[in-house]
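Descriptive analysis of the structure
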Amino acid sequence: MRPSASADHQAGCRRSLRGPKTTTQPSTRTTVTDLIAQGRHALWTEGDLREARRRFEEAWTRADRENLPRERAESALGLGGIWVHEYREDVLRARILARQEWCAQQPGTPCGLALALRARVAAERDYLDGTHDRVLEALDQARRAGDPQLLATVLSLAHHCLLGPQHGALRTRLAEELLLTAGRSDRPGDALAGMLWLTVDQFLGGDPHAGRSLARLREALKQHDHQAFGYVAAAIEVMLAIRDGQLDRAEAMAAECAVLGERCGDADASGWYRGQLITIRWFQGRLGELLPVLRAEVDSYALGVQDDSLFSALAVSAVAAGDDLVAAGAVARLGGSGLSGSGLSAVPASSAWLVTVNGAAEAAFRLQDRELASTVYRLLASHQDLPICGSLAITCFGSAHQSLGLAALTVGDVPAGIDHLRRAVRGNLALGHWPAHCLSLHRLGHALLRYGNPQERAEAPGLLAAAAREADRFRMVLPAQPSPTSTPARNPRPATTSTDIAMSADIRIRLLGPAGIVVDGVAQVIPGRRRRTVLSVLALNAGELVGADRLVDIVWGDKVPRTAANTLQSHVSYLRRVLGPAARIISQGQGYVLDLPRTAVDAGLAEHLIRAQGDGPPTAAGVRPLTEALALWHGEPLGDVESHPWFEVQAQHLGQLRLRATKMLARAHLLTRQSARAVDLLTPAVREHPLDEQVYELLMLAYYRQGLAGRALTVFENVRTVLASELGADPSGPLRDLHTAILRQDPAL
């Protein structure tokens, strides 16, 4: 039975069983044929999946109404699209599959078309089951059929069903065969598909020449733009930006890439964006921020049926946010096991498998779950030399040796853990994955410091210092190290006690974004808005006495409970444990003093760097300190503390401080002929401060010096509109003078 239950549709089924109609209106057949041709053009030439689906759906409706068996089969095949599993909603997917199966069985369907439909159905069934036997059998039949377009289609389908880490060699053979077959096919999309799959395979396999293949693919896309393939290439470039440590830029690229995916109708557009954002937050040390989003998204039907990666991401995010119960629950859901206990071993070998296992390794390490870590090590050992890539190489967490190292340390096999972490350092260097390299240095340094022999312990401080430098460079917050719950296989007494380490610790307090504490480059989670409020008040007054009554007022406002004094003491005690002896919170009189220099707080350090530049004209020497100051902002300052007028004043002060630094740095860039950098700096500042005429003035000048006078004039029109609507005023004299000078192309500019 085909998917419609209507009387007309059932009658159409009966007519089809009797064979094609003997007469058909030529105009109707031509119209349906045109729709199919338009769908094919949209699919294989333009790569517009959304438009192709619309055309093929209309063709199906017309062909079914007019009982046109061949056109009905062609439209059913076209509805499958380019990829496998394009339909994530169960009812819709079942409807399309039912059409394809039904058409493949009808006597009016030509042999080649029926074979293509059976191959499509086989691929969809295999993908849902996590297998590939049916699609490979269909591929053998397509090879014997001798139709290049049919063979190219089935080769691509088969490739899509073989995205597990163990399928690398077979995938590459299929991609190479697809490239050869494309030479005999007259569809431009076939050659692009072959180039794309080969590029993906090389990235998934850690091939050092993968970048060359991507460059060739990009050149081919310039000659023949294909939206769907171009979207995948753009997503791979987001992954490369993450590897390069350009995390903020990668986040912006990911958002732009998601728009491309939505525009062309790719079912993975939102999922890939989420995966890239998870990767970025992972390396930034901010994955805990995504906990509410992940809890909401983990059951989304838009996820692929073989994708368990969000469960492991949820587990790591929950641990980072201090919610071990949610983390353990997420781990228990891996593999769709529920109460069966099959767990991680049941996760299908799909394109999300390595990412899922990587997240499980991290969760096991942080939760000190020896059983889960043992499973991770057993499953991942045979893929140890691969990078942890997700989907079509659109995200990467670095060398698999890091996951194996964490798993080995968790189960207590220290020699294996240290060996894997050393290999992870080298592997991440080879990948050019700088954030992963930083993280592996950090993990290796702590492993040597805790478990190493005297020579290895002597090596640890250098590794940790290098990791801290790289973390500063890439604006990463390195994760805290969990305490082991059992004695490892090799556990010599450390050279220094925990107190000694704490006394020499490097303490940094972050307020220019989510509030937190960083000890020796390791982020310490501060759960609870009121605890973060106490920390923020003390940090903004570092070295000064803050009265307990003042703290109570800011923390609780008008709703002070009877237990406020005791609760405040509890919060202070918690912060003391996190900070350690190196940064004491001293009880003094009726209040507390945070015994830290103001520059140990990012807000204090930023103010010091900015004020050190003075109020004079900009200099080239100011570029570096101002850049360092602005890099300290990593979100909305004081946005995760209790609401209080005092915090509003502090946040306003920090906002003005940032604006001042932005304008100073922009002037320094203009002085050193770095106009493009000035534009990059000022463009978001215009959005954040739409009434500040100096920002517009600097942006106009920066555009003009880039040779973009038209854009400079557009900025002036924008500010004139904003000022008129918001203030009922015209631009100031200096801004009007600059506008006139640009129009005249004044040499003084």
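One can find the structure itself at the top, above this paragraph.
These numbers come from a predicted model, not from an experiment.

Right, let's get into the pairing of strand β8 (residues 591-594). The side-chain alternation of β8 yields two buried faces, one formed by Gly591 and Val593 and the other by Tyr592 and Leu594. The hairpin turn running from strand β7 (residues 585-588) into β8, its antiparallel successor, is two residues long, and glycine 589 in that turn takes a positive phi close to 60°.

So, about the nonpolar core. Ranked by size, the top nonpolar core spans 143 residues in total, and within it Ile82, Trp83, Trp197, Phe229, Phe283, Leu344 and Met476 carry the most contacts. When residues of this core are assigned to their parent elements, the largest contribution, twelve residues, is made by helix α12 (residues 227-243). Ranked by size, the runner-up nonpolar core spans 54 residues in total, among them Ile507, Val534, Ile554 and Val572.

Positive phi, normally seen in glycine, also occurs at asparagine 67, with a value near 55°. Within the fold, asparagine 67 resides in the loop between α3 (49-66) and α4 (69-78). Classification of asparagine 67 as buried rests on a relative accessible area of 2%. Although it is not a glycine, leucine 638 adopts a positive phi angle of roughly 60°. Positionally, leucine 638 belongs in the loop between α29 (623-631) and α30 (645-671).

The next subject is helix α26 (residues 548-556). Turning to α26, its buried residues number three or more, namely Ala548, Leu551, Val552, Ile554, Val555 and Trp556. In this structure, the buried residues of α26 make contact with α25 (529-540), β6 (545-547), α27 (564-579), β8 and α30. Positive backbone phi, at 60°, marks glycine 557, one or two positions downstream of α26.

Strand order in this open sheet of three strands is β3-β4-β5, and the pairing throughout is antiparallel. The open sheet terminates on both sides in strands that have one partner only, identified here as β3 (507-510) and β5 (522-524). Strand-to-strand, the axes of this sheet are offset by a mean angle of 30°, without reference to chain direction. Here four bridges tie β3 to strand β4 (residues 516-519), and the two strands are oriented antiparallel to one another. The residue bridging isoleucine 507 from the neighbouring strand is valine 519, located in β4. Sheet strands touched by α27: β3, β4 and β5. Its angle to β4, the strand with the most contacts, is close to 30°.

With that out of the way, let us pick up the packing of aromatic side chains. The description of two aromatic rings rests on the distance between their centres and on the angle between their planes. For the coordinates displayed, the defined rule picks out six aromatic pairs. Look at tryptophan 83 and phenylalanine 229: their rings are 5.6 Å apart centre to centre, the planes differ by 75°, and that puts the pair in the edge-to-face class. Of this pair, tryptophan 83 sits in the loop between α4 and α5 (90-105) while phenylalanine 229 sits in helix α12, placing them 146 residues apart in sequence. The exposure classification of tryptophan 83 matches that of phenylalanine 229, with both residues buried. On the numbers, 6.2 Å between centres and 35° between planes, the contact of phenylalanine 283 with phenylalanine 397 is tilted. Taken together, the residues phenylalanine 283 in helix α14 (residues 269-284) and phenylalanine 397 in strand β2 (residues 395-399) connect sequence positions 114 residues apart. Comparing phenylalanine 283 with phenylalanine 397 shows no difference in burial state: the two are buried. Pairwise contacts between aromatic rings join Trp83, Trp197 and Phe229 into one cluster.

With antiparallel pairing, three strands are arranged side by side in an open sheet as β6-β8-β7. Only two strands of the sheet have a single neighbouring strand rather than two, namely β6 and β7. Averaged over neighbouring strand pairs, the angle between their axes works out to 30° when direction is ignored. In this sheet, β8 lies alongside β6 in antiparallel orientation, the contact comprising three bridges. Its bridge partner lying in β8, leucine 545 is registered against valine 593. Contacts from α26 reach β6 and β8 within the one sheet, and its direction differs from that of β6 by about 65°. Here α27 sits on the sheet and contacts β7 and β8; the angle it forms with β7, its principal contact strand, is near 145°.

It is worth spelling out the packing of helix α33 (residues 709-727) against helix α34 (residues 733-744) at this point. Each pair of packed helices can be summarised by the angle the axes make with each other and by the distance between the axes. At their nearest, the axes of α33 and α34 sit 10 Å apart, and the two run at 150° to each other. Regarding the angle of α33 to α34, the classification is roughly antiparallel. With respect to the hand of their crossing, α33 and α34 are arranged in left-handed fashion. Across from Ala709, Ala712, Leu713, Phe716, Glu717 and Val719 in α33, the residues of α34 making contact are Leu735, Arg736, His739, Ile742 and Leu743. Class assignment for the residues of the contact of α33 with α34 results in eight nonpolar, one polar and two charged.

In the structure shown here, the tally under the stated rule is 34 salt bridges. Across the pair arginine 120 and glutamate 124 runs a salt bridge, and its minimum N-O distance is 2.9 Å. Placement of the pair is arginine 120 and glutamate 124 together in helix α6 (residues 111-129), with a separation of four residues, close to one helical turn. Taking the relative accessible area as the measure of exposure, arginine 120 reaches 2% and is therefore buried. Here arginine 423 and aspartate 419 are joined by a salt bridge, their closest N and O atoms 3.6 Å apart. Separated by four residues within a single helix, arginine 423 and aspartate 419 lie in helix α21 (residues 414-431), roughly one turn from each other. Take aspartate 419: its relative accessible area is 36%, and that puts it in the partly exposed class. Shared partners join several salt bridges into a network, and the residues in it are Arg40, Arg70 and Glu74.

The rules behind these values
Residues numbered from 1 in each chain as written. Predicted model: local features only at pLDDT ≥ 70, side-chain atom pairs only at ≥ 80, totals over all residues. Heavy atoms only, no water. Buried < 20%, exposed > 50% of the residue type's maximum accessible area, 1.4 Å probe, protein only. Helix = DSSP H or I, 4+ residues; strand = E, 2+ residues; numbered from the N terminus. Pairing = 2+ DSSP bridges. Core = buried A, V, L, I, M, F, W, Y, C linked by side-chain atoms within 4.5 Å. Contact = heavy atoms within 4.5 Å. Axes fitted to C-alpha atoms, helices over the stretch in contact; angles between N-to-C directions. Phe/Tyr/Trp six-rings, centres within 6.5 Å; stacked < 30°, edge-to-face > 60°. Parallel < 35°, antiparallel > 145°, perpendicular 65-115°, else oblique. Left-handed = near helix turned anticlockwise from the far one by under 90°. Nonpolar A, V, L, I, M, F, W, Y, C, P; charged D, E, K, R; others polar. Salt bridge = Lys/Arg side-chain N within 4 Å of Asp/Glu carboxyl O.

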